[in-house]
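# Remarks on the overall topology
Listed here are the chains, written in short residue letters.
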Amino acid sequence: QLQLVESGGGLVQPGGSLRLSCAASGFTLDDYAIGWFRQAPGKAREGVLCISSSGGSTNYANSVKGRFTISRDNAKNTVYLQMNSLKPEDTAIYYCARKTNGICGLNRYSYSLWGQGTQVTVSS
């Protein structure tokens with residue numbers, strides 16, 4: 001079956017770091033652009049980062065530039081989101097998703113397959 005599974009979320013204090021994983025099954029991850037999105041209660045889902053199928057292009061939301069990094073490990077069929085210098089406003093459920101093609105972009109309506117999400121809470 002086609003599936004994306006996120007892991008690595010948890011509780012971290014402001015200024016801390018987390019590394020999220022997005023593991024794919026049923027398809028080859030490097031055929032598609034992969035995006036990370038997040039959604040806090042009462043807020044719309046927003047794009048955070050994406051990476052092209054080749055890994056050569058990325059898009060960053062302004063709010064996470066300089067703090068978050070996305071990468072691919074094709075051998076493990078996994079995409080990672082490294083989050084540093086975390087802020088309370090980063091608290092959300094984080095989702096990975098598969099785009100309909102290999103071109104990076106942060107429009108959530110261009111993504112056709114979604115994981116179940118993993119909770120990230122940044123609090124002192």
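Use the structure listed above.
Heads up: these notes are all about the structure in this document. (Residues numbered from 1 in each chain as written. Predicted model: local features only at pLDDT ≥ 70, side-chain atom pairs only at ≥ 80, totals over all residues. Heavy atoms only, no water.)

## Things to note about the state of the cysteines
Tallying each qualifying case throughout the model produces two disulfides. The residue that forms a disulfide with Cys 50 is Cys 104, at a sulfur-sulfur distance of 1.8 Å. Note on the Cys 50 and Cys 104 pair: the S-S dihedral is about 110 degrees, so by sign convention the disulfide is right-handed. With Cys 50 in strand 5 (residues 46-51) and Cys 104 in the loop between strand 9 (92-99) and strand 10 (111-114), this pair connects stretches of sequence that are 54 residues apart. The exposure class assigned to Cys 50 is buried, which follows from its relative accessible area of 0%. By relative accessible area, Cys 104 is classed as buried at 14%. For the protein, numbering the cysteines in disulfides from first to last along the sequence yields the connectivity 1-3, 2-4. (Disulfide = S-S within 2.5 Å. Helix = DSSP H or I, 4+ residues; strand = E, 2+ residues; numbered from the N terminus. Buried < 20%, exposed > 50% of the residue type's maximum accessible area, 1.4 Å probe, protein only.)

## Some details on the pattern of salt bridges
In the structure shown here, the tally under the stated rule is three salt bridges. When the shortest N-O distance is used, the salt bridge between Arg 38 and Asp 90 registers 2.9 Å. Of this pair, Arg 38 sits in strand 4 (residues 34-39) while Asp 90 sits in the loop between strand 8 (78-83) and strand 9; the two residues are 52 residues apart in sequence, bridging distant segments of the chain. For Arg 38, a relative accessible area of 6% puts it in the buried group. (Salt bridge = Lys/Arg side-chain N within 4 Å of Asp/Glu carboxyl O.)

## Notes on the packing of aromatic side chains
Applying the stated criterion to the full structure yields five aromatic pairs. Taking the centre distance of 4.9 Å and the plane angle of 75 degrees together, the rings of Phe 37 and Tyr 111 count as edge-to-face. With Phe 37 in strand 4 and Tyr 111 in strand 10, the pair connects residues that are 74 residues apart, well separated along the chain. This pair shows no difference in class: Phe 37 is buried, exactly as Tyr 111 is. Pairing Phe 37 with Trp 114 gives two aromatic rings, centres 4.9 Å apart and planes at 55 degrees, and the pair type is tilted. Of this pair, Phe 37 sits in strand 4 while Trp 114 sits in strand 10, placing them 77 residues apart in sequence. Here a set of aromatic residues connected by ring pairs shows up, and it is made of Phe 37, Tyr 95, Tyr 111 and Trp 114. The ring centre of Tyr 95 lies 3.9 Å from the NZ or CZ of Arg 45, which sits over that ring. The ring of Trp 114 carries Arg 45 above its face, with NZ or CZ at 4.9 Å from the centroid. (Phe/Tyr/Trp six-rings, centres within 6.5 Å; stacked < 30°, edge-to-face > 60°. Lys NZ or Arg CZ within 6 Å of the ring centre and 35° of its normal.)

## Here we look at the nonpolar core
Core analysis: the largest hydrophobic core is formed by 28 residues, its most contacted members being Trp 36, Phe 68, Val 79, Leu 81, Met 83 and Tyr 94. Elements that contribute at least two residues to this core include exactly strand 3 (18-25), strand 4, strand 5, strand 7 (68-73), strand 8, strand 9 and strand 11 (118-122). Top contributing element to this core by residue count: strand 3, with four residues. Contact partners of Met 83, with chain neighbours within four places excluded, come to Gly 16, Ser 17, Leu 18, Leu 20, Arg 67, Phe 68, Tyr 94 and Val 120. Among the nonpolar cores identified, the runner-up in size contains five residues, and Cys 50, Ala 97, Cys 104 and Tyr 111 belong to it. (Core = buried A, V, L, I, M, F, W, Y, C linked by side-chain atoms within 4.5 Å. Contact = heavy atoms within 4.5 Å.)

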